[in-house]
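Architecture at a glance
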Amino acid sequence: MKKKVLLFGDIGIDDTIALIYARLHKEIEIVGLIADYGNVSRKDAVSNIYYVMKLFDFPEGIPVILGAEIPLTGEQPTYYPEIHGEHGLGPIIPNEDHEIKIENFLEIVRIIEKYKDDELIIVNIGRLTSLATMFILYNQLMQHVKEFYIMGGAFWVPGNVTTVAEANFHGDPFAANIVLTYAKNVTIIPLNATQKAIVTPGMVDYIDSFGKTKILKPLMEYYTKFYQERDPSLLGSPVHDALTLMATIYPEMFIYEYYPVTVIEKLDGPARGQSIAETRPFENVNNGEKKHRIAFDIHYDMFFHHFITIMTGHDGQ
């Protein structure tokens, strides 16, 4: 049975790679897409979703839902054109030929009600504002979601926004804590794992030669240029969001540990958005705290195999 995935994302380059991966994978069925601010504005995220869906001939009828425009902190978001490009697709500027949507956030309720008996999975690869809002408004309904996979956090490794904080948790730490408090069956895919999911230029050229991924090469060339300018020792660029989606299919690819997690909500100062795992054994015995599954490492050979086979269409399915 296909995994039914409701995907929340701030559609920049790595989110787009995840969308392409989902479209090519025969075991993943995207049942809805929520466009959020984050890497880019919500408006640009919507445009990017429609562009990718049209380019890769996604099935008709997949709802595109307008998510959050600003975080629960009330701040104006910071976007990252130096990483993802002016519009979020590197050098590509998509056509604005999609239908203008009215606000349709409550469409999420209909999707959860429709698929909850089919073991719906929510994957959040951007800021967590929209997902947190669903828990604020519909906490009981959200308990019908089977699993949550969240790209976020950095545990005892450098962050990518500050020394200790990863972008999704840093962008809205209040939302991150709401989700981690109320969601059940949470898997966190932090920078510990995602920074090791490196796609090299050689991999990109090989995938591109099969012609199934269309815009993958210009996206990854743009993305890799940024990463290698920042760290010349890198052999390529990490695909954070595709790895998070892969976790729904290939749990054996990850090395997990289980801890309660909190996120620092203090908005000023260097600790903002830091993810903290409670690792003290005596604090984790019968104290009632919810433990989350955290991916601290990956088996790179398995990542390499699964990524290459799906993106080239040679998955044998």
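Refer to the preceding data block for the structure.
For the structure given in this document, a descriptive report is provided here. (Residues numbered from 1 in each chain as written. Predicted model: local features only at pLDDT ≥ 70, side-chain atom pairs only at ≥ 80, totals over all residues. Heavy atoms only, no water.)

Here we look at the overall build of the chain
Stated formally: We count a stretch as a helix when DSSP gives it H or I for four or more residues in a row; a strand needs E for two or more, and each element gets its number in order from the N terminus. The globule rule used for comparison is 2.2 Å times the number of residues to the exponent 0.38, while the radius of gyration itself is calculated over C-alpha atoms. Type-normalised accessible area, obtained with a 1.4 Å probe on protein chains alone, sets the label of each residue: buried when under 20%, exposed when over 50%, and partly exposed for intermediate values. Between two residues, a contact is recorded if the distance between any of their heavy atoms is within 4.5 Å. With residues, only the protein chains shown are counted as cover, and all accessible areas are computed by Shrake-Rupley using a 1.4 Å probe. Residues counted as positive are Lys and Arg, residues counted as negative are Asp and Glu, and His and the chain ends are not counted. To locate a charge, the coordinates of NZ of Lys, CZ of Arg, CG of Asp or CD of Glu are taken.
Each helix and strand in the chain was counted, giving 13 helices and 12 strands. On C-alpha atoms alone, the chain measures out to a radius of gyration of 18 Å, which is about the 20 Å that the 2.2 N^0.38 rule sets for 317 residues. Counting only C-alpha atoms, the chain reaches 55 × 45 × 40 Å along its principal axes. Burial status across the chain gives 57% buried among its 317 residues. Considering only residue pairs separated by 6 or more positions, the chain has 82% of its internal contacts joining residues 24 or more positions apart. Accessible area of the chain: about 13,400 Å², with a carbon and sulfur share of 53%. Counting 27 positive and 41 negative side-chain charges, the chain places the averaged centre of each group 4 Å from the other.

Some details on the pattern of salt bridges
Threshold: Salt-bridge detection follows one rule: a side-chain nitrogen of Lys or Arg within 4 Å of a carboxyl oxygen of Asp or Glu.
Applying the stated criterion across every chain, the model contains 11 salt bridges. One salt bridge in this structure joins Arg 127 and Asp 10, with 3.3 Å as the shortest N-O distance. Of this pair, Arg 127 sits in the loop between strand 4 (121-124) and helix 5 (129-137) while Asp 10 is found in the loop between strand 1 (3-9) and helix 1 (13-24), placing the two residues 117 residues apart along the sequence. Each member of the pair Arg 127 and Asp 10 is classed as buried. Asp 268 serves as the salt-bridge partner of Lys 266, at 3.4 Å between the closest nitrogen and oxygen. The class for Lys 266 is exposed, based on a relative accessible area of 54%.

Topic: the packing of helix 1 against helix 13 (residues 300-312)
Definition in use: To get an axis, fit a line to the C-alpha atoms, keeping to the stretch in contact for a helix; angles then go from 0 to 180 degrees between the N-to-C directions. Comment on the angle field: the value is read as roughly parallel under 35 degrees, roughly antiparallel over 145, roughly perpendicular from 65 to 115, and oblique elsewhere. For any helix crossing, the convention is left-handed if the near helix is rotated counterclockwise from the far helix by under a right angle, and right-handed if that rotation is clockwise. Each residue is assigned to one class: nonpolar for Ala, Val, Leu, Ile, Met, Phe, Trp, Tyr, Cys and Pro, charged for Asp, Glu, Lys and Arg, and polar for all the others, Gly among them.
Interhelical geometry of helix 1 versus helix 13 gives an angle of 70° and a closest axis separation of 8 Å. In terms of orientation, helix 1 lies roughly perpendicular with respect to helix 13. For the crossing formed where helix 1 meets helix 13, the hand is left-handed. Residue-level inspection shows Ile 17, Ile 20, Tyr 21 and Leu 24 of helix 1 in contact with helix 13, the latter providing His 306, Phe 307, Ile 310 and Met 311. Residue composition of the contact of helix 1 with helix 13, grouped by class: 7 nonpolar, 1 polar and no charged.

A look at the packing of aromatic side chains
Each aromatic ring pair is summarised here by two numbers: the centre-to-centre distance and the angle between the ring planes. Our working definition: Note on aromatic contacts: the rings of Phe and Tyr and the six-membered ring of Trp form a pair at centre separations within 6.5 Å, being stacked when their planes are under 30 degrees apart, edge-to-face when over 60 apart, and tilted otherwise.
For the structure on display, the rule yields 13 aromatic pairs. Measuring from centroid to centroid gives 5.9 Å for Phe 155 and Phe 296, while their planes differ by 65°, and the two rings are edge-to-face. On the criterion of sequence distance, the pair formed by Phe 155 in the loop between strand 5 (147-151) and helix 7 (167-171) and Phe 296 in strand 12 (residues 292-298) is long-range, its members being 141 residues apart. Phe 296 matches Phe 155 in its accessibility class, with the two residues each being buried. For the pair Tyr 300 and Phe 304, a centre-to-centre distance of 6.5 Å together with 45° between the ring planes defines the contact as tilted. You can see Tyr 300 and its partner Phe 304 sitting in helix 13, 4 residues apart, about one turn around the helix. Taking the relative accessible area as the measure of exposure, Tyr 300 reaches 32% and is therefore partly exposed.

Structural notes on the pairing of strand 4
Using the following cut-off: One bridge is not enough; two strands pair if DSSP finds at least two bridges between them.
In strand 4, alternate side chains face the same way, and those of Ile 121 and Val 123 on one face and Ile 122 and Asn 124 on the other are all buried. Two elements, strand 1 and strand 4, share 4 bridges in a ladder whose sense is parallel. Looking at the pairing, Val 5 lines up with Ile 121 of strand 4. Sheet topology note: the strand 4/strand 5 ladder contains 4 bridges and is parallel. Bridging across to strand 5, Asn 124 finds its partner in Ile 150.

A closer look at the environment of Ala 242
In this fold, Ala 242 is placed in helix 12 (residues 240-246). A residue is classified by how much of its surface remains accessible, and Ala 242, at 0% relative accessible area, is buried. Those residues in contact with Ala 242 that lie beyond four places of it in its chain are Asp 14, Ile 17, Ala 18 and Phe 307.

Digging into the packing of helix 10 (residues 201-208) against helix 11 (residues 216-230)
In the contact formed by helix 10 and helix 11, the axes pass within 9 Å of each other and the chain directions differ by 170°. Classed by the angle they form, the pair helix 10 and helix 11 counts as roughly antiparallel. Two secondary-structure elements touch here, helix 10 through Val 204, Asp 205, Ile 207 and Asp 208 and helix 11 through Leu 216, Lys 217 and Met 220. Counted by class, the contact of helix 10 with helix 11 contains 4 nonpolar, no polar and 3 charged residues.

Some details on the sheet that holds strand 9 (residues 254-259)
With respect to topology, 8 strands assemble into an open sheet ordered 3-2-1-4-5-6-12-9, the strand pairing being mixed. Whereas interior strands pair on both sides, the edge strands pair on one side only; in this sheet they are strand 3 (64-66) and strand 9. Within the sheet, the average angular offset between the axes of one strand and its neighbour, ignoring direction, is 25°. Where strand 1 and strand 2 (residues 28-35) come together, 7 bridges link them in parallel fashion. Within strand 2, the residue paired with Leu 7 across the bridge is Leu 33.

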